[in-house]
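These are the residues of each chain, in order.
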Amino acid sequence: MKTLRTAARTATRARLAALVAGLLAALSLPLAAPAAAADATTTDQAATDRVGTAQAATYEAEDGTLRGVNVASTAAGYSGTGYVEGFDVAEDEVEITIPDSPGGLHELTVVYRAPYGQKNAVLLLNGGGHGEITLAATDAFTPLPAGRVLLEPGDNTVTVRSGWGWYEIDAITVSPVPPRPPHQVDDVPVDPQATPEARSLLSYLASQYGETILSGQQSLDDIAWLEQNVGRAPAIAGLDLMDYSPSRVERGTTSQEVENAVSWDARGGITTFSWHWNAPTGLIDEPGREWWRGFYTDATTFDVAAALADPSSEEYALLLRDIDAIAVQLERLQDAGVPVLWRPLHEAEGGWFWWGAKGPEPAKELYRLMYDRLTNTHGLHNLVWIWNSVDPAWYPGDDVVDIVSADSYPPAGDHGPVSATYERLVDLVDDTKIVAMTENSGIPDPDLLEAYQADWSWFLTWSGDFIRDGVVNSREHLARVFGHERVITLDELGDFRRQGGCLADHRVVQRWGTGYQAEVTVTNNGSTPLTGWQVSWSAPAGQSPGGAWNARLTTAGSTVRATPASWNATLAPGASTTFGYLGGSPWPNATFLAPSCQAG
């Protein structure tokens, strides 16, 4: 199977290389013949540089085909002769033609104004669904990076359809895209005491990132439906701690989700948890805003900003009570050896959940409070921490986030790559962390994901009609996705808990005023020989290790990587080897001594 996947990826990349070559030829940018490897690399870089500086082309919305919308010119700051407004019903749209394109992958920018608050717009490329873009509130015409479009040679159309409506479109811009450089993601967990299982899970995801996409499905019932109707099970099961929320438990809810996680883990699957956190208090409980809808902003009077502002308040104490109640359930999973992809406070920037209703600062503060409470107070180290918003203003910080993510709900039948959102997340973390699609309606087409260089780590389709109705995802599409060579299913997952069969123990053996001596022991804890290994850890700010022995050390940013000498690269099952190095002040802290180990 691995050989088949490799061959398929090679073939697809060859097609993409031909596409880029065609684009360069159309732009009169010659490609040299592939001679020596070094010459080819130089030529590819030169071509990439030329494509990256190719002139962008702008097309005015008022020159497009208008359906249910109109041209206006009263707002200041537009380009051309006006802009398009009147997006007030679902079918309203403007179709903009890009004439005589050389084809190829292009960056798309949409220039818009949203004076009535944040809105969503639907994009179509050549009449087919291309996902959604979020238009942040603004009184000025603003360029928005809208992801990538794979243009055909000749004429192409980009359509902006109403979505949430009540915004204005001025123009679009397209510019050629060079090939993406290799990702620089880090597999060192933010929790320095992360369990071996959590470390191995993160390492596995890092090793697959950009090569494959893991399949995921919310709820075990819908996983069973997939197995019965499609014949394959996903690699990742999505579960929810909702009914463990104290304000639900006191009204009689019970849950088996922890047991479900343990049983799924026993099958060899990966588990991810969200938490539809019913507000600790202030549930309105009236028709349309019932108590069981208490995670929604409109169903509670709970004010998260006020609660966090007063740690002596009853509301703050209730926040801690709820986190502590969830800690009990997560501890059961840690005791069972189950690592969890943990996604709390999801979709915060949308504002429809109470934890995001008061803006980014309270949401970030609550996330950091939860991180501290779960890891330091409750000693929970089986969690891989996922942040689930795109806007940089909402990002809680690299030190408490392992993976960044977004949720995607395009119109039914749209299987586009959601590349605009992907690129924003890559930019959010400077391509140093894994990017995942943690909820979706339509499953992206795996071929489009590769063509658009949208390297989502996994998708996770929401439950019920989203997977079963045959409209959002047809049976044919499901069969194609779950049988695709780039898509990892449960039977292809392998033992992610023993990624590379490798563990590393990092300790300081001697300290002095201006430095220290460290020793790292690498052990093959797998059942087959290791033919190579790599150990990574985060270094203190401004520090690079000095002399090393029995290994070669390199530093990239704050990450130190150690690779073996020729004589200790191979380790039999159960065998160990040790390397050491010298470091300077300051002496290392616990994070520094938290290495990740993988075969390599």
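Procedures and definitions
- Residues numbered from 1 in each chain as written.
- Predicted model: local features only at pLDDT ≥ 70, side-chain atom pairs only at ≥ 80, totals over all residues.
- Heavy atoms only, no water.
- Phe/Tyr/Trp six-rings, centres within 6.5 Å; stacked < 30°, edge-to-face > 60°.
- Helix = DSSP H or I, 4+ residues; strand = E, 2+ residues; numbered from the N terminus.
- Buried < 20%, exposed > 50% of the residue type's maximum accessible area, 1.4 Å probe, protein only.
- Axes fitted to C-alpha atoms, helices over the stretch in contact; angles between N-to-C directions.
- Parallel < 35°, antiparallel > 145°, perpendicular 65-115°, else oblique.
- Contact = heavy atoms within 4.5 Å.
- Nonpolar A, V, L, I, M, F, W, Y, C, P; charged D, E, K, R; others polar.
- Pairing = 2+ DSSP bridges.

## Examining the packing of aromatic side chains
Reasoning step 1: Applying the stated criterion to the full structure yields 20 aromatic pairs.
Reasoning step 2: The interplanar angle of 90 degrees and the centroid separation of 6.3 Å between the aromatic rings of Y116 and W166 together place this pair among those described as edge-to-face. Placement of Y116 in the loop between β6 (104–114) and β7 (119–125) and of W166 in the loop between β10 (154–161) and β11 (168–176) is noted, with a sequence separation of 50 residues between them.
Reasoning step 3: The class of Y116 is exposed, set by a relative accessible area of 56%.
Reasoning step 4: Overall, W166 belongs to the partly exposed group, its relative accessible area being 49%.
Reasoning step 5: Of the aromatic side chains, those joined through ring pairs into one cluster are W275, W277, F295, Y296, F302, F353, W354 and W355.

## Overview of the packing of helix α4 (residues 220–229) against helix α13 (residues 475–482)
Reasoning step 1: With their axes 11 Å apart at the nearest point, α4 and α13 run at an angle of 90 degrees to one another. As judged from the angle between their axes, α4 and α13 are roughly perpendicular. Residues W225, L226 and N229 of α4 pack against R475, L478 and F482 of α13.
Reasoning step 2: Within the contact of α4 with α13, the residues separate by chemical class into 4 nonpolar, 1 polar and 1 charged.

## Examining the sheet that holds strand β21 (residues 502–512)
Reasoning step 1: Read from one edge of the open sheet, 4 strands run β21-β22-β27-β24, paired in antiparallel fashion. Of all strands in the sheet, those bounded by a partner on one side alone are β21 and β24 (548–549).
Reasoning step 2: Inspection of the sheet shows β24 paired to strand β27 (residues 576–584) by 2 bridges, in the antiparallel sense. When the sheet's bridge partners are listed, A548 is paired in β27 with Y581.

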